[in-house]
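These are the residues of each chain, in order.
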Amino acid sequence: MSDIVNKLWGFCHTLRHDGIDYGDYIEQLTYLLFLKMADEKGIDIPEKDGKQYDWNSIKALSGTALTDHYSDLLRVLRESKGILGDIFAQSMPRFNNPVNLKRLITMIDEEEWTALDVDVKAAAFEGLLEKAASEGKKGAGQYFTPRVLIKSIVRVMKPDPRVSPHFTICDPACGTGGFLVVAYQWLMDITRGVLDRKDFKRIRTKTYYGQDLVPRPRRLALMNLFLQGLEPKIYLGDAIYEADRGERYDCILTNPPFGTRGANQAPDREDFTIETSNKQLNFIQHVVNILKPGGRAALVLPDNCLFEGKAGEVFEILMQDCNVHTVLRLPRGTFTPYSQGVKANVVFLQKGLPTENVWIFDARSNVPGVTKKDRPLTAQHFTEFEECYREDPNGQSDRQDLGTEGRFRKFSLQEIRDRDYKLDITWLRDESLEEELPDPPVLASEAITELEAVVDDLREILQALELNGDELAESEV
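Keep in mind it's a predicted model, so treat the numbers as computed, not measured.

**Describing the overall build of the protein**
- Helix and strand content of the protein: 17 helices and 9 strands.
- A burial count over the protein gives 53% of its 477 residues as buried.
- Long-range contacts, defined as pairs at least 24 residues apart, comprise 77% of the intrachain contacts of the protein with a sequence gap of at least 6.
- Accessible area for the protein stands at about 21,800 Å²; split by element, carbon and sulfur atoms hold 48% of it.

**Description of the environment of Val347**
- Position of Val347 relative to the elements: it lies in strand β7 (residues 344–351).
- By relative accessible area, Val347 is classed as buried at 1%.
- Beyond its immediate chain neighbours, meaning those up to four positions away, Val347 contacts Ala297, Ala298, Leu299, Leu301, Leu306, Phe315, Val324, Thr326 and Val327.

**Some points on the pattern of salt bridges**
- Evaluated as defined, the whole model comprises 22 salt bridges.
- Where Asp271 meets Arg269, a salt bridge forms, and the shortest distance between an N and an O atom there is 2.9 Å.
- If you follow the salt bridges from partner to partner, you end up with Lys48, Asp72, Arg75 and Glu79 in one network.

**Remarks on helix α11 (residues 215–227)**
- Helix length check: α11 (13 residues) gives 18 Å between terminal C-alpha atoms against 18 Å at 1.5 Å per residue, within 8%.
- Among the 13 residues that make up α11, 11 are buried, leaving the element largely enclosed by the rest of the structure.
- Three or more residues of α11 are buried, namely Pro217, Arg218, Arg219, Leu220, Ala221, Leu222, Met223, Asn224, Leu225, Phe226 and Leu227.

**Digging into a negative patch on the surface**
- Among the surface-exposed residues, Glu313, Glu316, Glu415, Asp418 and Asp420 lie close enough to one another that they form a single negatively charged patch.
- The set of elements that each furnish at least two residues to the negative patch consists of α13 (311–321) and α15 (413–418).
- Of note, Glu313 is situated in helix α13.

**Focus: the nonpolar core**
- Core analysis: the largest hydrophobic core is formed by 87 residues, its most contacted members being Phe34, Ile153, Leu253 and Phe348.
- In this view, Phe348 contacts Ile153, Val156, Met157, Ala297, Ala298, Asn323, Val324, His325, Thr326, Leu328, Phe385 and Tyr389; residues no more than four positions away in its chain are not counted.
- Judged by nonpolar contacts, the second largest core, of 37 residues, contains Tyr249, Leu281, Val314 and Val358.

**Some words on the pairing of strand β4 (residues 249–254)**
- β4 sits mainly inside the fold: 6 of its 6 residues count as buried.
- In the sheet, strand β1 (residues 169–171) pairs with β4 via 2 bridges, with the strands oriented parallel. Directly across from Ile169, in β4, lies its bridge partner Cys251.
- Pairing between β4 and strand β5 (residues 291–302): 5 bridges, direction parallel.

**Description of unusual backbone geometry**
- For Arg390, which is not glycine, the phi dihedral falls at a positive 75°.
- Relative to the elements of secondary structure, Arg390 occurs in the loop between α14 (383–389) and β9 (408–412).

**Re the packing of helix α8 (residues 147–157) against helix α9 (residues 178–191)**
- The interhelical angle for the contact between α8 and α9, taken along N-to-C directions, is 50°, at an axis separation of 9 Å. By the angle between their axes, α8 is oblique relative to α9. When you trace α8 past α9, the crossing you get is right-handed. Across the interface between the two elements, Arg147, Ile150, Lys151, Ile153, Val154 and Arg155 of α8 pack against Gly178, Phe179, Val181, Val182, Ala183 and Trp186 of α9.

**Concerning helix α6 (residues 98–109)**
- Relative to the 16 Å expected for 12 residues at 1.5 Å per residue, α6 spans 16 Å between its end C-alpha atoms, a close match to the ideal helical length.
- Listed as buried for α6 are Pro98, Asn100, Leu101, Leu104, Ile105, Met107 and Ile108.
- The N-terminus of α6 is capped by Asn97, whose side-chain oxygen sits 2.9 Å from the backbone nitrogen of Val99.

**Structural notes on the sheet that holds strand β6 (residues 322–329)**
- Strand order in the open sheet formed by 9 strands is β3-β2-β1-β4-β5-β7-β6-β8-β9, and the pairing between neighbours is mixed. The open sheet has two edge strands with one neighbour each: β3 (233–236) and β9. Between one strand axis and the next, the sheet turns through 15° on average, direction left out of account.
- Here α11 sits on the sheet in contact with β2 (208–212) and β3, set at roughly 175° to β3.

**Examining the pairing of β7**
- Among the 8 residues of β7, 8 are classified as buried, and the element is accordingly described as predominantly covered.
- Of the two faces of β7, the one holding Ala344, Val346, Phe348 and Gln350 and the one holding Asn345, Val347, Leu349 and Lys351 are both buried throughout.
- Two strands pair when backbone bridges link them, and β5 and β7 are joined in this way by 7 bridges, in the antiparallel orientation. Bridging from a neighbouring strand, Ala297 pairs with Leu349 of β7.
- Note: β6 against β7, 7 bridges, orientation antiparallel. Residue pairing across strands places Leu328 opposite Val346, the latter belonging to β7.

**Some points on the environment of Trp113**
- Within the element layout of this structure, Trp113 appears in the loop between α6 and α7 (120–134).
- The exposure class of Trp113 is buried, given its relative accessible area of 1%.

**Some points on the environment of Val327**
- By the secondary structure assignment, Val327 is in strand β6.
- When the C-alpha positions of Val327 and Phe361 are compared, they lie 6.3 Å apart, and in sequence the two are 34 residues distant.
- With near-sequence residues (within four places) excluded, Val327 lies in contact with Leu306, Asn345, Val346, Val347, Val358, Trp359, Ile360, Phe361 and Leu423.

Conventions adopted
- Residues numbered from 1 in each chain as written.
- Predicted model: local features only at pLDDT ≥ 70, side-chain atom pairs only at ≥ 80, totals over all residues.
- Heavy atoms only, no water.
- Helix = DSSP H or I, 4+ residues; strand = E, 2+ residues; numbered from the N terminus.
- Buried < 20%, exposed > 50% of the residue type's maximum accessible area, 1.4 Å probe, protein only.
- Contact = heavy atoms within 4.5 Å.
- Areas by Shrake-Rupley, 256 points an atom, 1.4 Å probe, with all protein chains shown as cover.
- Salt bridge = Lys/Arg side-chain N within 4 Å of Asp/Glu carboxyl O.
- Expected span 1.5 Å × (residues − 1).
- Patch = residues over 30% accessible without salt bridge, like charges linked within 9 Å, V, L, I, M, F, W, Y side chains within 5 Å.
- Lys, Arg positive; Asp, Glu negative; His and termini not counted.
- Charge placed at Lys NZ, Arg CZ, Asp CG, Glu CD.
- Core = buried A, V, L, I, M, F, W, Y, C linked by side-chain atoms within 4.5 Å.
- Pairing = 2+ DSSP bridges.
- Axes fitted to C-alpha atoms, helices over the stretch in contact; angles between N-to-C directions.
- Parallel < 35°, antiparallel > 145°, perpendicular 65-115°, else oblique.
- Left-handed = near helix turned anticlockwise from the far one by under 90°.
- Polar contact = N/O pair within 3.5 Å; in protein donor to acceptor, adjacent residues only side chain to side chain.

In structure tokens form, the structure reads like this:
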């Protein structure tokens, strides 16, 4: 895949002379890749007024006839009803020179994209954004969760829509749709692609939901799921600052965006018990609110969400309403190369039962840090965790505490309460930290993460002081 990305990136430099920046190029690239992959899969793109608007209709043209038809194609598709209209919403042609468009079409036509064992559009998008990031552009970390981690989470969560005629799966921060795609692929694997006729249409059209704040990754999510044969509902908007739309889901799999940048103010949500400007803590509250009673969720959260100021308050309330049964401490470098210094966890919970015990699996201590080339993240990083998690997706299987020398331990609610509901619990001496000092960029990123947590705490204190000052001033009037 890296060779393809390098080829596509090299062409991006050529296109800059045509006035096309890297963001526009990636967007045009995804339109063309989608059309090529739809052609490979035999998916029909509807014609209009007797004219074809598919891959074959553009690859046969050149010159101004090509740019004119490409412009018409985007217009017809963005005016289409249903998912195609969503995918091509606001699409506009960016090619001024038909020679450049023809070169890109020829380059794409040389590959059999659906034969590659990767999510091609997302991988190309990811690889190009990574190169853009290395040149000082905004990076791609906010859009991607490592596929190895997603697959592990899906295997233990078992998002099987056959168990109920109303079963729904959601990712309220879906990016390019990785969790939803893998959830569906998992279903196809366990059923060997055979679904009952009564389930088929429902699963295809009324099961997979998502939301993202940014149009481009949302477009990719729609494309990815459409190419799986699904018609998902992917909303565009801010899941935290918008009012609750009232939909409820059985299974939520999500990796909310890292960092504290954003509105820097607590959302005006009556359904949020704890008022905080921390995005991840608000996502926890949002996820619990949109879960059905008995529903389950897995959330990827940075370390600071387990210990910073308001975290204890959020988890105290959470543990009254939900069984927060499992926490997975992820290896250092899990999100390399995008968010190298971010140390993160996966929190697993079920709504409707209070927490009695929290099981913590430490996949970080004495595990060499993940790097992109020499020590990539693999399925083996999570093999023991999946064995310890056992069969029940709600964490109710019989489990074994492996003791102070093992990676899997049980902590009672009282032990959690004694720690003020802070879940940054460790027990293994991490000798790898003594042997291996992280690279300076990683150390800097870790420091930034810690500082952002401190800034969040200070912001909460300032808001409280301002509120108290206003109340005092009113009482003196």
